[in-house]
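Chain by chain, the residues:
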Number of protein chains: 2
Amino acid sequence: MVPLSEYQRRLSSVRSQMQGHGVDTLLLSIGHDMPYLIGYHAMPLERLTMLVVPAKGELTLIVPALEEPRVHHIPELFRVVPWNETVEPLDLVAGECSGASTIAVGDQMWSRFLVGLLSRLPNMSWTRANDVVSPARMVKGAAEIAALKSAAAAVDRIAARLQGGDIELVGRTEAEVSAELSRQLLAEGHEKVNFAIVAAGENAASPHHHPGGRIIGRDEIVLCDFGGTMNGYCSDITRCVVTGAISSDVAAAWSVLQTAQEIGVRAGVVGVACEEVDRATRAVIAEAGYGEYFVHRTGHGIGMEEHEDPYMVEGSRVPLAAGHAYSVEPGIYVPGKWGMRLEDIVVATEQGPLRLNEACHDLVSVAA
Amino acid sequence: MVPLSEYQRRLSSVRSQMQGHGVDTLLLSIGHDMPYLIGYHAMPLERLTMLVVPAKGELTLIVPALEEPRVHHIPELFRVVPWNETVEPLDLVAGECSGASTIAVGDQMWSRFLVGLLSRLPNMSWTRANDVVSPARMVKGAAEIAALKSAAAAVDRIAARLQGGDIELVGRTEAEVSAELSRQLLAEGHEKVNFAIVAAGENAASPHHHPGGRIIGRDEIVLCDFGGTMNGYCSDITRCVVTGAISSDVAAAWSVLQTAQEIGVRAGVVGVACEEVDRATRAVIAEAGYGEYFVHRTGHGIGMEEHEDPYMVEGSRVPLAAGHAYSVEPGIYVPGKWGMRLEDIVVATEQGPLRLNEACHDLVSVAA
């Protein structure tokens, strides 16, 4: 449970950003900004739930009447306005926005609601809530880091079983192994599976491969990238194993990848721009001649959401601050042949980067 | 697999609606309109995927380069434009929209993308894609109805086990029973669990209750509302059981509810306005004196999405057409005491309403 004082601290931080960005009203719906501020998750359905955060004064949660019993009321923080089935809730939202000239809307709010507001609030200036909420959300407090650590330890245990040969691979489909990883995520205490990518052989060259009916064979690389949400915070880890003999080209590439990942982790020093972490991993991979095969950014922030600010990508000048949590996950993908990725979650601290995942970083050969 | 000719038929139907609504360009991202038109599901993440559907000419799928290998290419239907990590994909989207004056955007598109387009395409008129896609999506073809039937049969088997006492209730928490229903949804062939509401005793008075640590006791009503996605189409069923003796007030209310649901199903005649289905169930419940306890609409459309058009709600003048699939799920909720709901999926046909769920409609007492 987040104490009221912490919610109040977050709100105050967000309001100071609103002032800096000239935002009069903040509108939040599905996504994680609303739970960050008041602890309530909107249902991702067509009935509107909206938290209205004015620059000053009371917060208002507009919620379907049939979902009001789900709300944990915190009267010191927000009031609740339930709406019945035959009411148009966008009219209620628009009413709460009178007097505003700039409104920031939640990143993941469904566009149907924003389209409905565009016509109700003409001449309004619209911006992203992310600009004003993310600066606070990026900096994790001690309880948040502890939650990320527990989630990381949970997926480390699964990775250890994978590397120990305790998860059967050869003869099973990618989809079957994905389902087993999903079950293990839940068994290890996650309340929700976010993804369980399993990609074998040439399929591993597709970074976001959708696990399918391909049967895993001997002497193949198997890329496993899995994570979920545990006590409200996300895990995310990638490890690769080989079902038998490791070919020399794969071994050589892994050695480069492992070095790149290690150097990327070490680059995460407070004050450094996020793009420098990306440059650090990319330089190692490019230097070794695999540059064209590293087709994505080095990492993403992580917290209540599986991907959130800050991003480790060329062009991001955001300076790393103590409490920023993010992935370092370079990859090498050779189309038609194989792919590999190595991923840990890291927290920037004043004492240097703190790596949360401790599962073995080698390319392990498991009995075929 | 949907044949190319069917995709072409759908596109043609949507374009005819675009013409009728004065929509120049359709922009689709996450949600089910894109898979309905081209078979591809965008990943629900921060990297933009967007299908651009102009009134005439070629469709363009703008997709992150690292996700391009996920796309099943259908060159006769759309071209693919991959974007690399350091490109701003909204500029690509805006470029595809030159010349448009009215753009319809997908209901579930993240608002961050729409906000980004508002500044890039000033003076544009914005509307909902739902207006032009939903008329086609609402009318299910034979293959779609077959898929809904299979999914309904799968949850019927789970409901039968619940009613047969084969799912342990007393002494377990709501959350444990919810997890078991989720496992059974997957075991019965669903690829995805959408929800598994389990609400015991007074918790059943919260229609969208989040299953928690409350332990189920004897002689209590247990409301179970569960469904998932199977071969791309959704199931959704609600049944209630009592763990022991059924009190007379609960039995009396169930009798009213069962009659209301039956009359609601029968009201689903082709040509009738959707609101008439709602009125039919509501009249029975109000007549019996429970009107104030029926706090939600009677039902929602169902198909690729768990909730979609048409909605069985007061104010909906949409006439039922053959092929419309929807839920009929009246409920009675007495705060602090108990709640109950009874739900089937129904397809409107020229021969009258076809009920897809056949699990027993009684309030069954299961051994405590």
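Not measured: the values here are computed from a predicted model.

1. Points about the sheet that holds strand β3 (residues 59–64) of chain A
All names here are of chain A.
Moving on, step 1. The strand order across the open sheet built from six strands is β4-β3-β2-β1-β5-β6, with neighbouring strands paired in mixed fashion. Edge positions in the sheet fall to β4 (78–83) and β6 (125–128), since each of these pairs with one other strand and no more. Averaged over neighbouring strand pairs, the angle between their axes works out to 25 degrees when direction is ignored.
Moving on, step 2. By the bridge criterion, three bridges tie strand β1 (residues 25–28) to strand β5 (residues 102–105) in an arrangement that is parallel. By the bridge assignment for β5, Thr25 is matched with Ile103.
Moving on, step 3. Relative to the sheet, helix α4 (residues 111–120) contacts β1, β2 (50–54), β5 and β6, its axis offset from that of β6 by approximately 155 degrees.

2. Topic: the packing of helix α1 (residues 4–21) of chain B against helix α5 (residues 130–138) of chain B
Residues and elements named next belong to chain B.
Moving on, step 1. The interhelical angle for the contact between α1 and α5, taken along N-to-C directions, is 140 degrees, at an axis separation of 8 Å. Classified by the interaxial angle, the pair formed by α1 and α5 is oblique. α1 and α5 meet at a crossing whose hand is right-handed. Contacts from Ser13, Val14, Gln17, Met18 and His21 of α1 reach α5 at Asp131, Val132, Val133, Pro135 and Ala136.

3. Observations regarding the pairing of strand β13 (residues 325–328) of chain A
Residues and elements named next belong to chain A.
Moving on, step 1. Burial of β13 is two-sided: the residues Ala325 and Ser327 facing one way and the residues Tyr326 and Val328 facing the other way are all buried.
Moving on, step 2. With four bridges joining them, β13 and strand β16 (residues 344–347) adopt antiparallel strand pairing. Bridging across to β16, Ser327 finds its partner in Ile345.

4. A closer look at the interface of chain B and chain A
Moving on, step 1. Between chain B and chain A, the contact holds 37 residues from the first and 37 residues from the second.
Moving on, step 2. Counting the surface lost from both chain B and chain A, the interface buries some 3400 Å², and carbon and sulfur atoms represent 61% of this.
Moving on, step 3. Three residues, Leu66, Arg112 and His208 of chain B, lead the burial of chain B against chain A; their summed loss comes to 18% of the area buried on that side.
Moving on, step 4. Linking chain B with chain A are four salt bridges.
Moving on, step 5. Of the charged contacts, one joins Arg112 of chain A and Asp107 of chain B as a salt bridge, the two residues approaching to 3.5 Å between their closest N and O atoms.
Moving on, step 6. At the junction of chain B and chain A, the tally comes to 16 residue pairs in polar contact (both at pLDDT 80 or more).
Moving on, step 7. Partitioning the side of chain B that touches chain A into residue classes produces 15 nonpolar, eleven polar and eleven charged.

5. Some thoughts on the nonpolar core
Moving on, step 1. Leu26 of chain A together with Leu26 of chain B are the most contacted members of the largest nonpolar core, which has 129 residues in total.
Moving on, step 2. Residues contacting Leu26 of chain A, with those up to four places away along its chain left out, are Val14, Met18, Leu37, Leu51, Val52, Val53, Ala104, Ala129, Val132 and Val133 of chain A.

6. Quick word on the relation of the copies chain B and chain A
Moving on, step 1. Mapping chain B onto chain A calls for a rotation angle of 180 degrees and an axial translation of 0.0 Å; the resulting RMSD is 0.0 Å. Taken together, the rotation and translation relating the two chain copies correspond to the operation of a two-fold axis.
Moving on, step 2. Of all interface residues in chain B, 100% are interface residues in chain A too; the two copies therefore contact each other through one and the same surface.

7. A word on the side chain of Gln184 of chain B
Moving on, step 1. Within the element layout of this structure, Gln184 of chain B appears in helix α7 (residues 174–187).
Moving on, step 2. Dropping the residues within four chain positions of it, Gln184 of chain B is found in contact with Ile158, Arg161 and Ile167 of chain B.

8. Considerations on the pairing of β2 of chain A
All names here are of chain A.
Moving on, step 1. Counting buried positions along β2 gives five out of five residues, so the element sits mostly inside the fold.
Moving on, step 2. A two-sided burial pattern is seen for β2, the buried positions comprising Met50, Val52 and Pro54 on one face and Leu51 and Val53 on the other.
Moving on, step 3. One ladder, built from four bridges, connects β1 with β2; its direction is antiparallel. Across the sheet, the residue bridging to Thr25 is Pro54, located in β2.
Moving on, step 4. With three bridges joining them, β2 and β3 adopt antiparallel strand pairing. Looking at the pairing, Val52 lines up with Thr60 of β3.
Moving on, step 5. Connecting β2 to the next strand, β3, in antiparallel fashion are four residues, including Gly57 with a positive phi near 90 degrees.

9. Re unusual backbone geometry
Moving on, step 1. A cis amide bond links Asp309 of chain A to the next residue, Pro310 of chain A, at an omega of 0 degrees.
Moving on, step 2. Along the polypeptide, Pro310 of chain A turns up in strand β12 (residues 308–312).
Moving on, step 3. One non-glycine residue, Asp219 of chain B, lies in positive phi territory at about 55 degrees.
Moving on, step 4. Judged by relative accessible area, Asp219 of chain B falls into the partly exposed class, the value being 48%.

10. As for the domain arrangement of chain A
Residue and element names in this part refer to chain A.
Moving on, step 1. The domain boundaries assigned to chain A delineate domain 1 (4–137) and domain 2 (139–365).
Moving on, step 2. Each of domain 1 and domain 2 was reduced to a C-alpha centroid, and the two centroids are 34 Å apart.
Moving on, step 3. Contacts between domain 1 and domain 2 engage ten residues on the former and eight residues on the latter.
Moving on, step 4. When domain 1 packs against domain 2, close to 760 Å² is buried across both sides, 33% of that on carbon and sulfur atoms.
Moving on, step 5. When the buried area of domain 1 at its contact with domain 2 is split by residue, His32, Tyr36 and Arg137 rank highest and sum to 56% of it.
Moving on, step 6. Across the domain 1-domain 2 interface, the total number found is two salt bridges.

11. Side note on α5 of chain B
Residues and elements named next belong to chain B.
Moving on, step 1. The buried fraction of α5 is high, at seven of nine residues.
Moving on, step 2. Where α5 is concerned, the buried positions are Asn130, Val132, Val133, Ser134, Ala136, Arg137 and Met138.
Moving on, step 3. Its buried side turned inward, α5 meets α1, β1 (25–28), α2 (33–38), β6 (125–128), β12 (308–312) and β13 (325–328).

12. Some thoughts on the sheet that holds strand β4 (residues 78–83) of chain B
Residue and element names in this part refer to chain B.
Moving on, step 1. In spatial order, the strands read β4-β3-β2-β1-β5-β6; together these six strands make up an open sheet with mixed pairing. At either end of the open sheet lies a strand with only one pairing partner, and these are β4 and β6. Direction aside, the axes of adjacent strands within the sheet are offset by 25 degrees on average.
Moving on, step 2. Here strand β5 (residues 102–105) runs beside β6; their pairing, made up of four bridges, is parallel. Bridge assignment links Val105 to a residue of β6, and that residue is Arg128.

Reading the values: the criteria
- Residues numbered from 1 in each chain as written.
- Chains lettered and ligands numbered in written order.
- Predicted model: local features only at pLDDT ≥ 70, side-chain atom pairs only at ≥ 80, totals over all residues.
- Heavy atoms only, no water.
- Pairing = 2+ DSSP bridges.
- Helix = DSSP H or I, 4+ residues; strand = E, 2+ residues; numbered from the N terminus.
- Axes fitted to C-alpha atoms, helices over the stretch in contact; angles between N-to-C directions.
- Contact = heavy atoms within 4.5 Å.
- Parallel < 35°, antiparallel > 145°, perpendicular 65-115°, else oblique.
- Left-handed = near helix turned anticlockwise from the far one by under 90°.
- Buried < 20%, exposed > 50% of the residue type's maximum accessible area, 1.4 Å probe, protein only.
- Buried area = accessible area lost by both parts, 1.4 Å probe.
- Salt bridge = Lys/Arg side-chain N within 4 Å of Asp/Glu carboxyl O.
- Polar contact = N/O pair within 3.5 Å; in protein donor to acceptor, adjacent residues only side chain to side chain.
- Nonpolar A, V, L, I, M, F, W, Y, C, P; charged D, E, K, R; others polar.
- Core = buried A, V, L, I, M, F, W, Y, C linked by side-chain atoms within 4.5 Å.
- Least-squares fit on C-alpha atoms with pLDDT ≥ 70 in both.
- Domains from an automatic or database assignment.

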